[in-house]
Amino acid sequence: MSMNNQGRPTRSEDIETGCAPATFTGNRALILEEKLIFESGSTDRTGIDFPAAPDAPSKLGGLERSVEIGLPGLSESETVRHYTRLSRQNYGIDLGFFPLGSCTMKHNPRLNEKMARLPGFADIHPLQPQQTVQGAYQVIDELADWLKTLTGMPAVAMSPKAGAHGELCGVLAIRSALEARGDAREVILVPESAHGTNPATAAFAGYKVEDIPATKEGRVDLDALIARLGPDVAGVMITNPNTCGLFERDMKKISDAVHEAGGFVYCDGANFNAIVGKVRPGDLGVDAMHINLHKTFSTPHGGGGPGSGPVVFSEALAPFAPLPFVEGQGGEYRLVEEENAEEHHASSFGRMVAFHGQMGMFTRALTYMLSHGADGLRQVSEDAVLNANYILRSLEDVLDAPFAPSGPCMHEALFSDKGFADGFTTLDIAKGLIDEGFHPMTMYFPLVVHGAMLIEPTETESKDAIDEFVGALRHVVAAAKSGDANLKAAPHHAPRRRLDETMAARKPVLVYKDSETAA
Amino acid sequence: MRYLPLTPDDRDAMLARIGVASVDDLFSDVPEEARLTGTIRDLPDHASEMAVERHMQKLANKNLVAGSVPFFLGAGAYRHHVPSSVDHLIQRGEFLTAYTPYQPEIAQGTLQVLFEFQTQVARLFGCDVANASMYDGSTACWEAITMAGRITRRKKALLSNGLHPHYVSVANSMARFTGDDVISSAPELSAKTDIADLIDMIDAETSCVVVQYPDILGRMEDLTALAAKAQEAGALLVAVVTEPVALGAVKSPGEMGADIVVGEGQSLGVGLQFGGPYVGLFACKQKYVRQMPGRLCGETVDAEGKRGFVLTLSTREQHIRREKATSNICTNSGLCALAFSIHMTLLGEKGLRDLAQLNHAKAVKAAQQLAQIDGVSVVNDSFFNEFTVILPVDAREAVRELADRSILGGVSLGRLYPNESELSHALLITVTETCTDADVDALVSALREVLS
Ligand SMILES: Cc1ncc(COP(=O)(O)O)c(C=O)c1O
């Protein structure tokens, strides 16, 4: 077939450019507005066919539903379109650079997805007879082995569901160990730069939280910490590399001091990506550390989870690790649960979760580890650190980098909002970056730096991608310094302009109300 | 290495810009004695896709796939048919590879999904509001207990003996540290639940009563009186739903007065996955919304007045509140919530009712067939798609012998309650739409053989 070009203009020079007019539909070509399912669907429409139910008497105990639930359905074709349209209003790593500090948004290999979906992993029940799921236990055991070897720690609890859940696991093990020796300590020390989950976890576990002061260099103040240690301190929670992107040089000294004072050392391992294959936390005196498989080991973030937060333990804490766990003996695996824990795991603090953890994340993480191998993982941390330092040194002449003078950073570079024109903030930088086609960095975290911007490129970005980002960020920073009103109004090109978060919180609308359509 | 784009030339150019001679100089803050030289021994080096796939497939082959045999397990994890479009849609990179929607202007996809998800969950549970998901049902259950404690300022939680034993275990482990008083016991093999006993046990110290619906033995009873009694005493009723499909057939806990309804959403969209990742559902009455754990998505407008969605009420959360937060949860179960929501959208009300009816009718027929085996009796008067039978032999043994015949016949209560000898002959059997008549016939005849 050939195109009939008669009378068809083929050049665009006569077209007027300039401000885009509003469209009739509100759509803008590939950016399509999408109604809520409560506006487009109906309760009698469905995208799934079922065979008729066989005749059988009801045994519902007289509890038959009498009122409508109000769940709208869509046909399959409409469903696919609804979610496809919504997906296009999202930014993901697949689309571009996503330097969200502390979140390690690296490429998610598709082999991982394929392996997690093998029916032998995806379609097995957690309570199947143990003889029918030996391969699943082997996955858990092999992954546990990698984690123990990479961290130099003797034990690992696999069941925690995410980083914060892992923190809870570690802190509960600390408390159990102290209780076992009759030592009721009350305080956990946490640096101000720590992630919010650290103090929240310590409080959840019944501890009082006190700040550890930081040095001007952005590290734990060793002398102040030592001065605070005493018989009431159960332990410390230290992030290493820390959330300023710096390695805690004194980690071993910190651990020794805490141990000497009878406490334990929890390490937040969210930033393990910077040191995997280069440093073993076990060599630094750490007693417990969670590992975010959804960061360091590339399991996808899915718009907010699921994650997985296995916790490695020192000899001192291992006996208190939670149930259940997998134990291998002569090629046979078994589950240690409430039933058989008495045999040799009587001090476990118990179960944190139904079943045995995030199997779907285990298969992905193991696939990733096998793909990279020991040599690849070492290269991962080296490239992650190289990329971050490259960013630090490419921006420090235009952005205030409070800790840059003290030396290299690890996997992420931290900047502040110093020097922007009056009224211009980190938020404006973020929104400007959105218009330039990038996901912004982490903003306003850690709290120790004013208007913090935490940039974590990860190892899966190319030099070209980083150069482009640096160029765009320098441009946006220049706008913030000169007080460019356009930046204040950014983003201009995203599916939505700035959203009113104050209004959302003042009069929360958390579910769709049918009356809205009438209004 | 296929996931690493930097070339040796790139690395050299970047080191030059940084002003160091080698990558090792960037690790100068790591004390010498803690630095590893060379790669870690005992671990293999990198491998091709092909080699990795071969290894993983070998491990997968060692497992007996649920879908390859007659399959009747439940007890908090249910095997339902997940339509193909669900897995296709959740693998769109814009959903799969996004983070928590901290930048709402470029995360409206995730946010609108969460708003729809919250609405679906709230309506299904008969509650005013729902959050954007928890890790799973068991952790959602514990969070509900702590939330009730914050609201009532009381510390005693009465757990129904029909609550999933793993959920009870989680609550017991946590309560040991928080100082909460958790009262629980093992279920009795009778047709009646312990609702009447729970009503008697409520007192002025009770913060909440936690009851599973349908319960661990599959039984269901009206919760209205229990809710009223709890509230009269200043306590809350927390209802736990591990099989949300049931609510296509029976009244929701919210309709019967529950204050907080939590659940496991794995039944829809997520699959068995050997226990995780799953998706915790969390809903409650409007008046308790500021005590909820976890993320909440809310509606707002943008600078041009267009409707949009954002994460909201975050002053409850760890990143703002730190040690005063309602929970320490951060990453939740977003992608599983998406899968749940897509599956629910495909079903719609009609589909959910049809699915529920199909499950129930198949289960009723299977129970009738099983009851005809000599020595086998059904405990339940009421059930949805899961019921308990008593065997003349130890049920764990029977399950193993059925597995030897390539039938996954159910969950023995001995596995769930190893220390309760009175429960050792009980077997929990679940029949969903995925079980064919031939599957049920195979179970019945294999069980006859095992028992003969
Ligand atoms: C430093 C740090 N600690 C802990 C966490 C909590 O991990 P998760 O979100 O998996 O619970 C995060 C995640 O954002 C983090 O960045």
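Residues numbered from 1 in each chain as written. Chains lettered and ligands numbered in written order. Predicted model: local features only at pLDDT ≥ 70, side-chain atom pairs only at ≥ 80, totals over all residues. Heavy atoms only, no water.

### Comments concerning the domain arrangement of chain B
All names here are of chain B. When cut into domains, chain B gives domain 1 (69-81 + 349-451) and domain 2 (84-343). The gap between the C-alpha centroids of domain 1 and domain 2 is 27 Å. Around 2,500 Å² of area is buried between domain 1 and domain 2 when both sides are counted, 67% of it from carbon and sulfur atoms. Of all residues in domain 1, Tyr78, Phe384 and Tyr417 give up the largest surface area on contact with domain 2, accounting jointly for 23% of the area buried on that side. On the surface where domain 1 and domain 2 come into contact, there are zero salt bridges. Linking domain 1 with domain 2 are seven residue pairs in polar contact (both at pLDDT 80 or more). (Domains from an automatic or database assignment. Buried area = accessible area lost by both parts, 1.4 Å probe. Salt bridge = Lys/Arg side-chain N within 4 Å of Asp/Glu carboxyl O. Polar contact = N/O pair within 3.5 Å; in protein donor to acceptor, adjacent residues only side chain to side chain.)

### Some details on the environment of alanine 225 of chain B
Inspection of the secondary structure puts alanine 225 of chain B in helix α9 (residues 224-232). C-alpha of alanine 225 of chain B to C-alpha of alanine 196 of chain B: the two residues are 29 residues apart in sequence and 9.2 Å apart in space. (Helix = DSSP H or I, 4+ residues; strand = E, 2+ residues; numbered from the N terminus.)

### A look at the sheet that holds strand β6 (residues 288-290) of chain A
All names here are of chain A. With respect to topology, seven strands assemble into an open sheet ordered β1-β7-β6-β5-β4-β2-β3, the strand pairing being mixed. Two strands in the sheet have a free side with no partner beyond their single neighbour: β1 (155-157) and β3 (208-212). Averaged over all neighbouring strand pairs, the angle between strand axes comes to 25°, with direction disregarded. Bridge count between strand β2 (residues 187-191) and strand β4 (residues 233-239): three bridges; the pairing is parallel. From the neighbouring strand, valine 187 faces β4, where its bridge partner is valine 233. Strand contacts of helix α6 (residues 163-180): β1, β2, β4, β5 (264-268), β6 and β7 (311-313), with the helix running at about 175° to β5, the strand carrying the most contacts. (Pairing = 2+ DSSP bridges. Axes fitted to C-alpha atoms, helices over the stretch in contact; angles between N-to-C directions. Contact = heavy atoms within 4.5 Å.)

### Quick look at helix α14 (residues 437-451) of chain B
Since the α-helix advances by 3.6 residues per turn, residues separated by three or four positions end up pointing in the same direction. All names here are of chain B. Here α14 spans 21 Å end to end across 15 residues, near enough to the 21 Å set by a 1.5 Å rise per residue. All buried positions along α14 are accounted for by Asp439, Val440, Leu443, Val444, Ala446, Leu447, Val450 and Leu451. Elements that come into contact with the buried residues of α14 comprise α11 (334-371), α12 (395-404) and β13 (426-430). (Expected span 1.5 Å × (residues − 1). Buried < 20%, exposed > 50% of the residue type's maximum accessible area, 1.4 Å probe, protein only.)

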